[in-house]
Each structure stands twice: as structure tokens, then as C-alpha cells.
Amino acid sequence: MADATAPVLTTAAVTVTTDRMGRLYAVIPDDVARLLTVASHQGIDPEARGIFFESDAHPANSWATATVRTIFEAVLSSPLSAEDVHTWGLNLYRKHDGGTLYGFIVGESGWDPDTRWWRDPDHTRDLCVRGNASIAPADRRALAGTCTF
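Residues numbered from 1 in each chain as written. Predicted model: local features only at pLDDT ≥ 70, side-chain atom pairs only at ≥ 80, totals over all residues. Heavy atoms only, no water.

Here serine 78 is to be found in the loop between helix H2 (63–77) and helix H3 (79–88). From its side chain, serine 78 meets the backbone oxygen of valine 75 in a polar contact 2.9 Å long. (Helix = DSSP H or I, 4+ residues; strand = E, 2+ residues; numbered from the N terminus. Polar contact = N/O pair within 3.5 Å; in protein donor to acceptor, adjacent residues only side chain to side chain.)

On inspection of all chains with the given rule, the structure shows five aromatic pairs. Ring plane angle 25° and centroid distance 4.9 Å describe the contact between tyrosine 25 and phenylalanine 104, whose orientation is recorded as stacked. Taken together, the residues tyrosine 25 in strand S2 (residues 24–28) and phenylalanine 104 in strand S4 (residues 104–107) connect sequence positions 79 residues apart. The exposure class assigned to tyrosine 25 is buried, which follows from its relative accessible area of 0%. Among the aromatic residues, those joined into a cluster by ring pairs are Tyr25, Phe104, Trp111 and Trp118. Here the basic side chain of arginine 20 rests over the ring of tryptophan 117, its NZ or CZ set 4.2 Å away from the ring centre. (Phe/Tyr/Trp six-rings, centres within 6.5 Å; stacked < 30°, edge-to-face > 60°. Buried < 20%, exposed > 50% of the residue type's maximum accessible area, 1.4 Å probe, protein only. Lys NZ or Arg CZ within 6 Å of the ring centre and 35° of its normal.)

The next point concerns the environment of threonine 67. Locating threonine 67 in the fold gives a position in helix H2. By relative accessible area, which is 2% here, threonine 67 ends up buried. Dropping the residues within four chain positions of it, threonine 67 is found in contact with Leu9, Val32 and Leu36. Polar contacts involving the side chain of threonine 67 include one to the main-chain carbonyl oxygen of tryptophan 63, which spans 2.8 Å. (Contact = heavy atoms within 4.5 Å.)

Our focus in this paragraph is the sheet that holds S2. Spatially, the three strands line up as an open sheet ordered S1-S2-S4, and their pairing is mixed. Among the strands making up the open sheet, the edge pair consists of strand S1 (15–18) and S4. Geometrically, the sheet is characterised by an average inter-axis angle of 30° between neighbouring strands, direction not taken into account. Where S2 lies against S4, four bridges are found, and the strand directions are parallel. Residue isoleucine 28 lies in a different strand from S4, and its bridge partner there is glycine 107. The strands touched by H2 are S1, S2 and S4; relative to S2, the strand with the most contacts, the crossing angle is about 125°. (Pairing = 2+ DSSP bridges. Axes fitted to C-alpha atoms, helices over the stretch in contact; angles between N-to-C directions.)

This next bit is on unusual backbone geometry. Most peptide bonds are trans, and most residues other than glycine sit at a negative phi. The residue aspartate 120 is not glycine, and still its phi comes out positive at about 45°. Among the secondary structure elements, aspartate 120 is positioned in the loop between strand S6 (117–118) and strand S7 (134–135). We classify aspartate 120 as partly exposed; its relative accessible area is 40%. In this structure, arginine 141 takes a positive phi of about 45° despite not being glycine. Note that arginine 141 resides in the loop between S7 and strand S8 (147–148).

Moving on, we come to the sheet that holds S8. Pairing within the open sheet is antiparallel, and its three strands lie in the order S3-S7-S8. Looking at strand neighbours, the two that pair on one side only are strand S3 (99–100) and S8, the edges of this open sheet. Here two bridges tie S7 to S8, and the two strands are oriented antiparallel to one another. Its bridge partner being in S8, serine 134 is matched across the sheet by threonine 148.

A separate point is H2. Relative to the 21 Å expected for 15 residues at 1.5 Å per residue, H2 spans 21 Å between its end C-alpha atoms, a close match to the ideal helical length. The buried fraction of H2 amounts to 12 of the 15 residues, a majority that puts the element mostly inside the structure. (Expected span 1.5 Å × (residues − 1).)

Below, the structure written as C-alpha cells:
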């Protein structure tokens, strides 16, 4: 995916909400979600069984990393972060320039704001970013600033 043609995400385009069980969701435009979903699957063996598999590390200056940083900023600036920033995993992001979002990232068409639940998950898998978006903190030297899912 070429950075020049990839959509640019702004914090204003991110809706930060919770589902019926209080879990965090960052709802983003579908075109961004589709590309971020592809990025979240890069490097993961499609035959792998289980859930603890990490994507390839996306470089610090990549579109995927910039997009995840925008999502982190949107979460941190939302009223929900005042409630529970530690739970979302971003409490160290401002201090150490890295962290993990313990929440979900989904495209607008895959989220029902009225029911606060997934909309047709079987047909909107391309809008569901896999795993927890993470940015390696500054103390990780060679990996600092890289993004994984």
C-alpha cells in the first residue's frame, strides 16, 4: 500500500465509544479500516491456530503507524480516557511514546451505534482490525516507534 494513495485519518474522524459491556471501540471510516485491517494481518500465517500472533512490525514512518497514532490521540482526547485510560493501555503513551490499545478498531459500516454492538460481523470482517494496535516505546531502540497488531 503506497503512502501517497492511502487515506489520511484525522482525530475528528474517529468516534471513540464503548460497547454494551464497557469495552472500548475506535470507529473509523471504512476506507481507512479496510487498509488497516490488511496491515493488521501482514506477516501472520493464515494457517496458524490460536490468538497470540503478532503482525509484521510496520516502520515508524509508515501509513499504518501514523494511522494508529491518530487513533491513540483520539482515544486520549475523548471523554472516555478520563474514565479509564489505564484500562485502554495508553497510560504510558504520552510519557514513553509507545503503548497498546486494549480495545477494538472497526469501520463505520461494521458498528451499530444504536445497539453499541457489531453490525453483521460475518460480512464486515474486512472492517475489523485484528489484534491490539501497539506502538513500541522509545526504550525499544531498534523497534522504537514501530507498529504491530
